[in-house]
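# Remarks on the overall topology
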Amino acid sequence: MLTRCTIDDVNEPSTVTVTAVPDRLDALELPPHEVLEGSPHAGLRFTAKSADDEAAAGFWSCEVGRYEFVFDYDEFVYLIRGEIVITEAGSNRTLVLRAGESAHFPQGTTSIWQVTQPVLKYFVARRPY
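This section reports on the structure supplied with the text.

About the thresholds
Residues numbered from 1 in each chain as written. Predicted model: local features only at pLDDT ≥ 70, side-chain atom pairs only at ≥ 80, totals over all residues. Heavy atoms only, no water. Helix = DSSP H or I, 4+ residues; strand = E, 2+ residues; numbered from the N terminus. Buried < 20%, exposed > 50% of the residue type's maximum accessible area, 1.4 Å probe, protein only. Contact = heavy atoms within 4.5 Å. Areas by Shrake-Rupley, 256 points an atom, 1.4 Å probe, with all protein chains shown as cover. Polar contact = N/O pair within 3.5 Å; in protein donor to acceptor, adjacent residues only side chain to side chain. Salt bridge = Lys/Arg side-chain N within 4 Å of Asp/Glu carboxyl O. Phe/Tyr/Trp six-rings, centres within 6.5 Å; stacked < 30°, edge-to-face > 60°. Lys NZ or Arg CZ within 6 Å of the ring centre and 35° of its normal.

What follows deals with the overall build of the protein chain. Per the secondary structure count, the protein chain includes zero helices and 11 strands. Listing the helices and strands of the protein chain from first to last along the sequence gives β-β-β-β-β-β-β-β-β-β-β. Out of the 129 residues belonging to the protein chain, those deemed buried represent 32%. By sequence separation, contacts in the protein chain at least 24 residues apart represent 65% of the contacts at least 6 residues apart. Of the roughly 7800 Å² of accessible surface on the protein chain, 52% is carried by carbon and sulfur atoms.

Written out as structure tokens, the structure reads:
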């Protein structure tokens, strides 16, 4: 079965889910301890989840600023818009993630995100194992 997904459809059972980049995301309040600098305006829209609720996918956006993210889950991302300078906590390793590129943040990773341009990403996240 092929399903064209809207936000109301996420909980509907299907074999395949198809979705487009949404026009807007639902407002998301970032935890204050994650915001190091800037405006914590973020958005989120889930588009799919696994039958066992262990994995989810969707879109996430964030404004320019500096944020600390602790990944207590695996996350794979594809950056649709924007740019992020990512520094792995405890190291001097810095990576730049640009629109059209993807990244994997393994469970247990802590990173500082310097968002230099407003970001829109597509993500797939898997709960801790």
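On to the side chain of Lys 121. For Lys 121, the location among the structural elements is in strand S11 (residues 110-126). For Lys 121, the side chain forms a polar contact with the side chain of Glu 75, separated by 2.5 Å. When near neighbours in sequence (up to four residues on either side) are disregarded, Lys 121 contacts Gly 58, Phe 59, Trp 60, Glu 75, Val 77, Tyr 78, Leu 79, Ile 80 and Trp 113.

Looking now at unusual backbone geometry. For Asp 53, which is not glycine, the phi dihedral falls at a positive 60 degrees. Its location among the elements puts Asp 53 in the loop between strand S5 (41-49) and strand S6 (55-62).

The next subject is the pattern of salt bridges. Following the criterion strictly, the structure yields seven salt bridges and no others. With a closest N to O distance of 3.7 Å, Arg 66 and Glu 37 form a salt bridge. Of the two residues, Arg 66 sits in strand S7 (residues 65-70) while Glu 37 sits in strand S4 (residues 35-38), which places them 29 residues apart along the sequence. For the salt bridge of Glu 88 with Arg 93, the shortest nitrogen-to-oxygen distance reads 2.6 Å. Assessed through its relative accessible area of 27%, Glu 88 is described here as partly exposed. Through salt bridges that share partners, Arg 24, Asp 26 and Arg 45 make up one connected network.

A separate point is the packing of aromatic side chains. A full pass over the atoms with the stated rule returns 10 aromatic pairs. An angle of 75 degrees between the planes, with centres 4.9 Å apart, marks the rings of Phe 69 and Trp 113 as edge-to-face. Of this pair, Phe 69 sits in strand S7 while Trp 113 sits in strand S11; the two residues are 44 residues apart in sequence, bridging distant segments of the chain. Looking at Phe 69, the relative accessible area reads 10%, which means it is buried. Cluster of aromatic residues (ring-pair linked, three or more members): Trp 60, Tyr 67, Phe 69, Phe 71, Tyr 73, Phe 105 and Trp 113. Cation over ring: Lys 121 sits above Trp 60, and NZ or CZ is 4.7 Å from the ring centre.

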